[in-house]
Amino acid sequence: MKRLTLKSAVAALALMAAAPTAMAADLVVGLRAGPDSIDPHWSTVGSQVEALRHVFDTLIDVDEKLQLKPGLAASWTAIDDTTWEFKMREGVTFHDGTPFTAEDAKFSIERIPEVTGPMPMTLYTKYVDSVEVVDDYTLHVKTKGMAPSLPNDFTRLFVVPSETGMEARNEEFNSGEKAIGTGPYTFVSWQPKGDLVLKRNDDYWGGATAWENVIRREIPEDASRVAALRSGEVDLINYVPASDYLAMKNDGGIDTFLSDSVYILNIAPSVKDEEPQPITINGEPVDGNPLQDLRVRKALDLAINRQVLVDVVLEGLGTPANQLMPEGFFGYSDELGEREYDIEKAKALLAEAGYPNGFEIDFTCTNNRVPGDSVVCEALAQMWSRLGLTVNAQALNGTVFFPAAAREEYTMTMSAWGTLTGEAAYTYGALTHTKDAEKGFGNFNRSGYSNPEFDRVFGEGAQTLDPEARKKLYEQASFIAMEDRALIPTVILQTVWAADAGKLDMTARVDQETRTYAITPTQ
Amino acid sequence: MLSFFITRIAQAIVVVFAMSVIVFVGVYAIGNPIDVMIDPGATQEIRQKLIEQYGLDQPLIQQYWTFLSNVAHGDLGTSMVYNISVVDLVFSRFPATLELVLVSVCIATCVGIPAGLWAGYRPNSIGAKLIMALSVLGFSVPTFWIGMLLIMGFAVELGLLPSGGRGDVGSLLGLPTSLATLDGWSHVILPAINLSLFKMGLMIRLTRAGMVEAMGTDYVKFARAQGLPDRQIVFQHILRNISIPIVTVFGLELGSTLAFAVVTESVFNWPGVGKLIIDSILQLDRPVMVSYLIMVVILFVLINLVVDLVYARLDPRVRLKGGA
């Protein structure tokens with residue numbers, strides 16, 4: 001962990017050196033979504049976390065590729081099977097001048113279960129058994145059983161001063177009274193769905209940022225956000241729609257920034273003994289569930305032309321996927337080759353499985369969850385019809401889709417999944433592990449997939465503290481689930497930002513966050 | 001008069017009650033909001049605890065009863081997304097919608113009625129035909145598209161007006177409104193025009209139809225025979241006689257625009273209630289959906305009441321009786 005600390009110190013120095021040369025300037029950003037509250041312990045929604053990072057710091061931070069780096073905790077180590085030790089950064093003060101200590105971190109961990117809402121942050125503290133302050137700068141966290149992923153969970157654990165009080169109400173945060181953090185900006189004002197106004201914190205421990213005043217304006221409508229940039233009302237926008245991307249790329253007045261996202265569109269075929277919506281041939285239900293046959297799932301996979309999905313359907317804003325996470329994530333398997341497209345082989349496999357003339361199947365997707373989900377859905381139905389299947393594709397609003405998917409009413413679905421923590425346990429534990437309420441695995445396994453071999457390897461990984469050994473096991477688990485076609489990944493979605501030409505430099509992030517403090521003016 | 005009010009209030013209570021049942025059952029049928037909101041990483045245990053915390057495991061009747069008794073105590077619920085009371089949330093955004101709608105209704109009336117009168121007064125003139133053609137455009141071209149054209153023209157190409165948002169908010173008679181500042185007016189004008197086009201088309205057609213009909217009636221002929229100037233005939237006699245359908249439609253339009261100005265609000269990023277309700281539906285924020293729709297019903301009842309009172313004022317033959 002020493003090296004990490006050193007790295008961040010160097011980064012901080014570099015920032016400090018850069019700050020005086022950058023003239024005080026203001027930045028107005030047009031964003032698709034903003035926070036729902038200023039209470040940093042209220043909700044796990046991505047746009048909420050992204051916004052509050054400007055005012056509050058987390059114990060552990062993540063870089064552009066979602067790998068861990070120090071935040072308010074300068075270093076962390078597992079000192080035994082059920083205890084993690086966190087060393088706090090020294091010399092950090094809150095916006096009101098009180099110094100930050102381990103007591104504040106303890107308070108923040110304990111406040112979460114008291115105040116969190118229907119998008120619960122308890123998710124990040126579920127392994128915490130008790131918290132102990134050893135001295136002002138040392139914190140011991142006792143976990144329920146072994147918890148190797150605790151540092152990942154703490155990347156969204158915001159720290160508020162212990163004087164905040166357990167009972168502090170949402171309104172007190174929204175008014176600014178309690179909106180006191182250690183972050184790079186101080187809170188000025190906010191209205192639900194309106195502007196979040198921020199002022200630079202000149203005493204920030206990571207070095208003061210380039211922009212003195214920042215306005216984060218919420219403009220959910222894509223076309224309006226683009227118009228706001230083009231009319232000069234905002235300097236930078238996120239989530240540029242695919243239809244505008246090409247025009248902007250060729251426009252000298254606008255700079256674009258592009259990154260893979262954590263979101264991958266995955267197909268989930270139900271492998272239960274009886275499929276929820278009947279699969280039929282000539283209107284007659286088929287005996288058994290064809291999707292239980294690996295050859296059928298492989299045929300479905302082989303019939304997908306991912307390059308066409310990327311180039312034609314997504315207008316270039318995507319990357320073919322061969323597993324549930326992008327490259328570079330903790331547990332990404334290098335063993336898995338690129339998914340091939342071979343319609344003849346697919347037909348042969350389908351015939352071998354006993355369906356030479358295909359079958360009729362329902363296929364349900366989301367239509368507003370991520371850009372491109374409904375068009376990819378339609379394209380997949382067409383690709384499978386070339387295989388000889390009759391596919392009844394239906395793209396539904398998330399409001400309808402998710403509750404019905406949770407009730408496991410669909411035979412085959414497609415929706416986006418984002419590995420928000422940057423490591424495999426989050427994704428494979430929820431999607432492909434056998435459903436097991438006691439261990440807390442398989443919560444989003446709606447297809448009924450269950451492979452004892454996968455469960456064993458994954459379970460072993462979840463009980464291994466050594467990062468290298470754990471990584472190996474997760475890679476192996478990823479490999480097993482993907483070879484089994486437990487889920488069929490299609491494309492990684494990409495995100496685009498656009499700014500006035502020559503105004504700023506930014507590194508596009510895989511988690512799609514627009515961190516204003518990491519953006520620098522063009523020299 | 002008194003019995004009229006009592007009947008109206010009784011009717012209103014029945015309507016609100018019926019609406020609350022319909023909305024509640026409808027929202028219940030969609031499914032569990034926790035499944036829409038919850039983070040994928042949550043365990044079954046966390047999910048179960050939340051469902052219990054929000055009382056979503058209770059039977060429908062029980063949930064509805066809890067809701068009713070809370071309403072009886074003046075509590076319309078707290079948003080599951082914003083953690084703010086629904087009343088505060090709606091009223092923090094209502095002034096924005098109100099000012100937008102008022103300006104657009106003013107534009108629609110000030111342009112629509114005179115244009116309609118002219119089109120009916122000289123139905124065969126070129127001007128009248130032009131007005132009618134434009135009125136067809138007004139309610140057949142989608143607002144979304146006109147909105148984008150207005151933004152492209154006035155904000156992006158000409159750079160005269162801002163592309164969206166509400167601008168500086170001043171204070172007028174103690175109410176926060178952007179109509180108190182010049183910057184606010186520059187923000188409100190484009191969305192207000194966009195929102196007014198449909199209503200303007202409607203006003204023109206209604207006024208024209210009434211006007212054409214009235215021009216051939218006996219009272220107009222008599223007035224003319226009497227030697228009254230046309231100006232006096234049109235504004236004092238005809239306008240008053242053809243006002244009833246105009247006022248009716250005006251009232252209905254006012255209500256529906258206040259409640260559902262969604263498209264214009266989205267295109268111009270106007271922080272009004274229309275956008276709030278759409279977002280709440282997408283996120284299945286139950287308390288906001290249910291309470292907002294009930295508030296809308298109350299709003300409609302109030303507007304209709306005012307419309308009835310205006311009828312009586314315009315036409316002495318209309319009597320405000322119980323059961324009217």
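The rules behind these values
Residues numbered from 1 in each chain as written. Chains lettered and ligands numbered in written order. Predicted model: local features only at pLDDT ≥ 70, side-chain atom pairs only at ≥ 80, totals over all residues. Core = buried A, V, L, I, M, F, W, Y, C linked by C-beta atoms within 7 Å. Buried ≥ 20, exposed ≤ 12 C-beta atoms within 10 Å, placed from the backbone. Domains from an automatic or database assignment. Axes fitted to C-alpha atoms, helices over the stretch in contact; angles between N-to-C directions. Helix = DSSP H or I, 4+ residues; strand = E, 2+ residues; numbered from the N terminus. Parallel < 35°, antiparallel > 145°, perpendicular 65-115°, else oblique. Left-handed = near helix turned anticlockwise from the far one by under 90°. Contact = placed C-beta atoms within 7 Å. Nonpolar A, V, L, I, M, F, W, Y, C, P; charged D, E, K, R; others polar. Pairing = 2+ DSSP bridges.

Student: What's the story with the nonpolar core in this structure? I'm lost.
Tutor: When a protein is soluble and globular, its nonpolar side chains tend to lie buried together. Leu59, Ile237, Leu380, Ala477, Val491 and Ala498 of chain A together with Leu100 of chain B are the most contacted members of the largest nonpolar core, which totals 219 residues. Both domains that furnish three or more residues to this core are identified here as domain 1 (2-72) and domain 2 (93-282) of chain B.

Student: What's the story with the packing of helix α6 (residues 126-140) of chain B against helix α8 (residues 182-215) of chain B in this structure? I'm lost.
Tutor: Think of two packed helices as two axes; the pair is described by the angle between the axes and how far apart they sit. Residue and element names in this part refer to chain B. Between α6 and α8, whose axes approach to 7 Å, the crossing angle comes to 140°. Viewed along their axes, α6 and α8 adopt a mutual orientation that is oblique. Of the two possible hands of crossing, α6 and α8 adopt the one that is left-handed. Contact residues: α6 offers Ile131, Ser135, Val136, Gly138 and Phe139, while α8 offers Leu197, Phe198, Met200, Gly201, Leu202, Ile204 and Arg205.

Student: Is there a simple way to explain the interface of chain B and chain A in this structure?
Tutor: One widely used convention gives an interface's size as the accessible area the parts lose upon coming together. The interface is formed by 45 residues belonging to chain B together with 40 residues belonging to chain A. Those elements giving two or more residues to the side of chain B that touches chain A turn out to be α2 (33-37), α3 (44-53), α5 (86-121), α7 (143-157), α12 (262-267) and α13 (273-283) of chain B. Here the side of chain B that touches chain A is composed, by residue class, of 29 nonpolar, 12 polar and 4 charged.

Student: Would you mind showing me how to read the pairing of strand β12 (residues 254-269) of chain A here?
Tutor: Residue and element names in this part refer to chain A. Burial analysis of β12 places 13 of its 16 residues in the buried class, which makes it a mostly covered element. Looking at chain direction, β12 and strand β19 (residues 488-500) are connected through 11 bridges and run antiparallel. Note that in β19 the partner of Ile267 across the bridge is Ile488. Two elements, β12 and strand β18 (residues 412-418), share 7 bridges in a ladder whose sense is antiparallel. In the sheet register, Asn266 faces β18, and the bridge partner there is Ser415.

Student: I tried to follow unusual backbone geometry on my own but got confused; where do I start?
Tutor: The phi torsion of most residues other than glycine is negative, and most of the peptide bonds are trans. A positive phi angle is found at Glu315 of chain A, which is not glycine, with a value near 50°. For Glu315 of chain A, the location among the structural elements is in the loop between α9 (306-313) and β15 (318-320). Even without being glycine, Asn269 of chain B reaches a positive phi, approximately 50°. Of note, Asn269 of chain B is situated in the loop between α12 and α13. A residue is classified by how many C-beta atoms lie within 10 Å of it, and Asn269 of chain B, with 28 of them, is buried.

Student: I would appreciate a short explanation of the domain arrangement of chain B in the present structure.
Tutor: Parsing chain B into structural domains produces domain 1 (2-72) and domain 2 (93-282). Distance from the C-alpha centre of domain 1 of chain B to the C-alpha centre of domain 2 of chain B: 36 Å.

Student: Help me understand the packing of helix α11 (residues 243-260) of chain B against helix α14 (residues 286-314) of chain B in this model?
Tutor: All names here are of chain B. At a minimum axis distance of 10 Å, the contact between α11 and α14 shows a crossing angle of 160°. If you check the angle between α11 and α14, you find them roughly antiparallel. You can see that α11 and α14 cross each other, and the crossing is right-handed. Every residue of α14 that contacts α11 at Ser243, Ile244, Val247, Thr248, Gly251, Leu254, Gly255, Leu258 and Ala259 is listed here: Val296, Leu299, Phe300, Ile303, Asn304, Val306, Val307, Val310, Tyr311 and Leu314. Along the lines of polarity and charge, the residues of the contact of α11 with α14 split into 14 nonpolar, 5 polar and no charged.

Student: Would you take a moment to explain α13 of chain B for this structure?
Tutor: Residues spaced three or four apart along an α-helix point in a common direction, a consequence of the helix completing one turn every 3.6 residues. Listed as buried for α13 of chain B are Val273, Gly274, Lys275, Leu276, Ile277, Ser280 and Gln283 of chain B. Residues of α13 of chain B that are buried in the fold lie against α2, α5, α11, α12 and α14 of chain B.

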